[in-house]
Amino acid sequence: MTEPNLTTSLGALQLANPVLTASGTCGFGLELTPFGDLNQLGGVILKGTTLTPRAGNPTPRLAETPAGVLNAIGLENPGVEGLCRDVLPRLTAFQCSFLANISGNTVEEYGELAARLEGEAVIAAIEVNVSCPNVKQGGIMFGTQAEALAEVTRTVKAHTTKPVIIKLTPNVTDIVALARAAAEAGADALSLINTLQGMAIDIRRRRPVLANIFGGLAGPAIKPVALRCVWQVHQALPEMPLLGGGGIMSGEDAIEFFLAGASAVSIGTATLVDPRAPWRILAEIEEFCRREGVRDLGELIGAAHRKEE
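Residues numbered from 1 in each chain as written. Predicted model: local features only at pLDDT ≥ 70, side-chain atom pairs only at ≥ 80, totals over all residues. Heavy atoms only, no water.

(A) Main features of the pattern of salt bridges. Considering all chains together, one arrives at 14 salt bridges under this definition. Put simply, Arg116 and Glu81 hold a salt bridge, and the shortest N to O gap is 2.8 Å. Of this pair, Arg116 sits in helix α2 (residues 107-118) while Glu81 sits in helix α1 (residues 79-91), placing them 35 residues apart in sequence. Since its relative accessible area comes to 42%, Glu81 is described here as partly exposed. One connected set of salt bridges, linked through shared partners, spans Glu3, Glu287 and Arg290. (Salt bridge = Lys/Arg side-chain N within 4 Å of Asp/Glu carboxyl O. Helix = DSSP H or I, 4+ residues; strand = E, 2+ residues; numbered from the N terminus. Buried < 20%, exposed > 50% of the residue type's maximum accessible area, 1.4 Å probe, protein only.)

Structure (structure tokens):
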């Protein structure tokens, strides 16, 4: 039997297969090497990077919830200089695509980050986290206002030649409007979705579980929301490449995202439960394609939108 062709792309970023790791769930990818060969994955999205080092939020900053997990890590990272000096040289030993994930408190910081990473050959693309507080706009998230989102997108595009993927927040009333703003500002692809905002309370202590009070909800609980967002954005912007993510725990979950319009998927919370999840999910996608006679991944992408013949 002919093996299915699982190559795909996110704009100019060519991927050997559609399975990537999500930012923030496996460090810089090196943490997963005891469990599998990174070269077998389509890509690894690195832990979020800021202009200067960050210690992150105080603990506790993780809390399990029914069918999910809350996190309030606070973008703990060594800063972009630490990333380039200490991490990126170690990634040159691998052939898979590495994507940087950047976060800024101002539009200018996003531009500086993109410019600093432009000369790093090991970085194949840049994913832009817009779920960050805009300190010049009173703390409102960049990703919740169309003009702020467009300004960040234009600024990052002006400072790099690498493909730019905007990671949208679901904490908005109309995600299509935000997706359109990013697309019109020049985004090469969109990543859907970042975490939903949530919280948990310890009823014995009568206090919030997380020191930060609020955190990002991830895991299977948010999959229906993520899938809906991918569907809506693909329906409105069918030519825009989409990276789908949110609660993907199996190959069948991933197939749903392809059918909704995603060209690739990111695996996040699943790796906290099973560090081999990205490889297992890739194998399950391959098996589904063999069983269903799917010769090329493109046959699945957006297929649920097509009218039955």
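Moving on from the coordinates now.
(B) Up close: the environment of Leu117. Position of Leu117 relative to the elements: it lies in helix α2. For the pair Leu117 and Lys162, spaced 45 residues apart in sequence, the C-alpha separation works out to 9.2 Å. Residues within four places of Leu117 in sequence aside, it is in contact with Val80, Leu83, Cys84, Ala100, Ile102, Ile126 and Lys162. (Contact = heavy atoms within 4.5 Å.)

(C) Structural detail: the packing of aromatic side chains. Here the structure, examined in full by the defined rule, presents two aromatic pairs. Summarising the aromatic geometry, the rings of Tyr110 and Phe142 are spaced 5.3 Å apart at their centres and angled 90 degrees between planes, so their arrangement reads as edge-to-face. Of this pair, Tyr110 sits in helix α2 while Phe142 sits in the loop between β8 (123-129) and α3 (146-158), placing them 32 residues apart in sequence. On the basis of relative accessibility, which here comes to 0%, the residue Tyr110 falls in the buried class. Accessibility expressed as a relative area gives 0% for Phe142, which makes it buried. (Phe/Tyr/Trp six-rings, centres within 6.5 Å; stacked < 30°, edge-to-face > 60°.)

(D) A look at the side chain of Thr269. Examined against the element boundaries, Thr269 turns out to sit in the loop between β16 (264-267) and α7 (270-273). Since its relative accessible area comes to 15%, Thr269 is described here as buried. At 3.4 Å, the side chain of Thr269 and the backbone nitrogen of Gly219 are in polar contact. (Polar contact = N/O pair within 3.5 Å; in protein donor to acceptor, adjacent residues only side chain to side chain.)

(E) Looking closely at the sheet that holds strand β5 (residues 62-65). Pairing in this open sheet of four strands is antiparallel, and the strands run β5-β6-β14-β11 from one edge to the other. The sheet is open, and its two borders are formed by β5 and β11 (196-199), each paired with just one other strand. Taken over all neighbouring pairs, the strand axes of this sheet differ in orientation by 40 degrees on average, direction set aside. The sheet contact formed by β11 and strand β14 (residues 214-218) spans four bridges and is antiparallel. Within β14, the position partnered with Gly198 by the bridge is Gly215. (Pairing = 2+ DSSP bridges. Axes fitted to C-alpha atoms, helices over the stretch in contact; angles between N-to-C directions.)

(F) Representation of unusual backbone geometry in the model. Across the junction of Thr59 and Pro60, the peptide omega takes the value -5 degrees, indicating a cis bond. Looking along the chain, the bond that leaves Leu192 and enters Ile193 is cis, with omega of 10 degrees. Looking at the secondary structure, you find Ile193 in the loop between β10 (189-192) and β11. Even without being a glycine, Ala67 presents a positive backbone phi close to 60 degrees. On the secondary structure map, Ala67 appears in the loop between β5 and β6 (68-71). Relative accessible area serves as the criterion here: at 47%, Ala67 is assigned to the partly exposed category. Phi angles above zero are rare outside glycine, and Ile213 is one such case at about 70 degrees. Along the chain, the position of Ile213 falls in the loop between β13 (207-208) and β14. Residue Ile213 is classed as partly exposed on the basis of its relative accessible area of 37%.

(G) Molecular detail of the sheet that holds β10. An order of β3-β4-β7-β8-β9-β10-β15-β16 is seen for the eight strands of this closed barrel, with the pairing classed as parallel. Taking each pair of neighbouring strands and ignoring which way they run, the sheet shows an average axis angle of 25 degrees. Sheet topology note: the β8/strand β9 (residues 164-168) ladder contains four bridges and is parallel. Opposite Val128, over in β9, you have Ile166 as the bridge partner. Against the sheet, α3 contacts β7 (97-102), β8 and β9, and its axis sits at roughly 155 degrees relative to β9.

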